[in-house]
Protein chains: 2
Amino acid sequence: MSDMSARLLALLSLLQTPREWPGSELAERLEVSPRTIRRDIDRLRELGYPVQATMGAVGGYRLAAGAAMPPLLLDDEEAVAIAVGLRTAAAHPVDGIDEASVRALAKLEQVLPSRLRHRVGVLAAATVPMLAGAEPPVDPRTLVVLAGAAANRERLRFAYRSGDGAETRRLTEPYRLVTAGRRWYLLAYDIDRDDWRVFRADRIGDPHPTGVRVPARVPPEQDPAAFVAAKLHSSAPVYEVVATVRLPAGQVAGRLGAAAGTVEPIDDHSCRLRGPADTLEWLASRLLMLGCEFEVHEPPELRAYLGALGARAARAAQTPTITY
Amino acid sequence: MSDMSARLLALLSLLQTPREWPGSELAERLEVSPRTIRRDIDRLRELGYPVQATMGAVGGYRLAAGAAMPPLLLDDEEAVAIAVGLRTAAAHPVDGIDEASVRALAKLEQVLPSRLRHRVGVLAAATVPMLAGAEPPVDPRTLVVLAGAAANRERLRFAYRSGDGAETRRLTEPYRLVTAGRRWYLLAYDIDRDDWRVFRADRIGDPHPTGVRVPARVPPEQDPAAFVAAKLHSSAPVYEVVATVRLPAGQVAGRLGAAAGTVEPIDDHSCRLRGPADTLEWLASRLLMLGCEFEVHEPPELRAYLGALGARAARAAQTPTITY
DNA sequence: GCCATGTAGGTCATGACCTGTCCTAGATGA
DNA sequence: TCATCTAGGACAGGTCATGACCTACATGGC
């Protein structure tokens, strides 16, 4: 059944390999005549996939970059690699592609064979903490559920731990998943409280959609991100960091990344760093990893943290008195 | 042309969305009769894609997890997110899926539209250094080229900086790209030197395939990874770390990840960490991020590094004397 | 300069199969 | 109980995919 569609998919899969395929070899693999292969390649081209052909004795076909993304045909290991990569990316929303990576993760996990899902879990558990700071990492599966419920307009029930440790059960209509700083937030309508609320994703436990589809509620504001930012600003203080770094501005900007704030040169050997510091631990480790001298002017909390860190490092570095 | 294939692909794309699609809506979107939609869904099922259907008044179709990976149909942003995630994953080969992620990256970058490629470059530049340690990060594009040349058996020409800074041009026949520790190595036959060599990927500059395809050379050993490890062992010393951590063993194992080594409990409050420490900087930062007391017994180099780090942190934490 | 080997594409006969339009059966929630 | 969805059989008509054979053209090795 639908012989040709399966063959076109297989052809697309073969052409995505980074090598050149002679038409005769493709014909052999797909068990059709070379003429049909040529026709299939024409078909792919008409569908918008730019199949490049190099002529001559050592020629062959390969898929080039075109105007649109062709369907990606992955083997098991590649799928696992992508899932793991997306999970770590979702756990560290520092990009400009936060929600896209969660969407892609949702897509992938929806169709990921169960045996692979297990491998993803194991590998992600071994990988995520390596990149994490002191932040409580978000469970990427939670993010996937939240994003799915928001996109699907499904009611969502979950347990929520507030800042003081109290746990409540919530019934909500999710509207959008957004990032602010280095955290994920769910903007949703809380049905019991009859108002819009902002939930920190890392405090949401055991979310599951109720299956009830609801019409889109009028959002509280045009821009969900702005609404979340406003809510946060009123509750949690955001530190503003000012530091002098003894390294040329260009190097600092390159090694800290764009999200760290602005870097202004002071002279050829040092520069000033200014920016929001949503988590002190993360910024401290970044600064230390630069490997150069630096001074922190603001905030005092960061100085205190660095002092404690330095003392702990010094204690750890002492020649041990115990044997082992 | 090839109307049905395009429709099946579009159908697959729609079904990958995390929502349920009634057959009538699918028929409307794809501009065919509902009967044809049902037939298409049958076809997909025969091709191995498990389309789940919920019956009843609010029913619909959706794609579930099956035995094999269906072709992933991504929009622009999702493709960019995956590419960025894979780049950072490739730059930090700590997993068990190193080469798979490079393969997937090669596949993706081969077909990524150029306008998206640009966005990937920008975002990756802003993201990679955030996660990087003091290590010189590898250029993921270099990795992609290396892996492609090895898979395609193409001769590869590149510039190589040795440890003392000398730069030479090499003409090689790449055999395999492997990871050892937290670095990438290329195992290749050096044609000018007429012998097998191991190249550090981060020291390879400006690689480009010559286009010359060569038959597979007899590899120096069964296992490329073992060969690389042997080569490295003879040249670079590998530290063995021993540390006492004042935290329960379970927590340490979970937060350091599997690649950090073995964790044995000492008592309820502390444990012993043993393992290879390929890079001191990385391990030091991981230990500090645990947020607990710890003592380093071996190697002395790690103690020295921690001491210097602690002193630097202490200096940075002092109340600044300059105004700003 | 020649030849082998690859892509590119035209034509034609045959028959498979895709499609829309009927139809009925079964499941499910309001 | 009824509306609404999935599931699937029967049938007629015509599109179009396939293989066989052909020529034209590009390229690299000899």
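Refer to the structure above for everything that follows.
**Q** Tell me what's going on with the protein's contact with DNA strand C, and back it up with residues and numbers.
**A** For DNA strand C, the set of nearby residues contains 26 residues, the closest of which are Gly23(A), Arg7(B), Thr36(B), Arg39(B) and Arg43(B). Sugar and phosphate atoms form 58% of the subset of DNA strand C atoms that lie within 4 Å of the protein. Note that a phosphate oxygen of DNA strand C is positioned 2.7 Å from one of the side-chain N or O atoms of Arg43(B). Counting residues per element, the surface near DNA strand C draws most heavily on helix 3 (residues 34-46) of chain A, at five residues.

**Q** Describe the protein's contact with DNA strand D, and please don't skip the residues or the numbers.
**A** Around DNA strand D, the structure places 25 residues, and the nearest of them are Arg7(A), Thr36(A), Arg39(A), Arg43(A) and Gly23(B). A breakdown of the atoms of DNA strand D within 4 Å of the protein gives sugar and phosphate a share of 61%. In this structure, a phosphate oxygen belonging to DNA strand D sits 2.4 Å away from a side-chain N or O atom of Arg7(A). Residue Arg45(B) places a side-chain N or O atom 3.5 Å away from a phosphate oxygen belonging to DNA strand D. Where the surface near DNA strand D is concerned, the elements lending two or more residues are helix 1 (3-15) and helix 3 of chain A together with helix 3 (34-46) and strand 2 (60-63) of chain B. Here the element with the most residues in the surface near DNA strand D is helix 3 of chain A; it accounts for five residues. A per-class count over the surface near DNA strand D returns 10 nonpolar, six polar and nine charged.

**Q** Any details on the side chain of Arg7(B)? Residues and values, ideally.
**A** You can see Arg7(B) is positioned in helix 1 (residues 3-15). With a relative accessible area of 12%, Arg7(B) lands in the buried category.

**Q** How would you summarise the packing of aromatic side chains if you had to cite specific residues and measurements?
**A** Two aromatic rings are characterised by how far apart their centres lie and by the angle between their planes. One pass over the structure, following the stated rule, counts 10 aromatic pairs over all chains. Their ring planes at 70° and their centres at 6.4 Å tell us that Phe158(A) and Tyr160(A) sit as a pair that is edge-to-face. With a relative accessible area of 0%, Phe158(A) lands in the buried category. With centroids separated by 5.7 Å and ring planes inclined at 80°, the aromatic side chains of Tyr175(B) and Trp196(B) adopt a geometry described as edge-to-face. Here the residue Tyr175(B) occupies a position in strand 4 (residues 167-180), and Trp196(B) occupies one in strand 6 (residues 195-200), the gap between them amounting to 21 residues. Of the two residues examined, Tyr175(B) and Trp196(B), each falls in the buried class.

Parameters and conventions
Residues numbered from 1 in each chain as written. Chains lettered and ligands numbered in written order. Predicted model: local features only at pLDDT ≥ 70, side-chain atom pairs only at ≥ 80, totals over all residues. Heavy atoms only, no water. Near = heavy atom within 4 Å. Polar contact = N/O pair within 3.5 Å; in protein donor to acceptor, adjacent residues only side chain to side chain. Helix = DSSP H or I, 4+ residues; strand = E, 2+ residues; numbered from the N terminus. Nonpolar A, V, L, I, M, F, W, Y, C, P; charged D, E, K, R; others polar. Buried < 20%, exposed > 50% of the residue type's maximum accessible area, 1.4 Å probe, protein only. Phe/Tyr/Trp six-rings, centres within 6.5 Å; stacked < 30°, edge-to-face > 60°.

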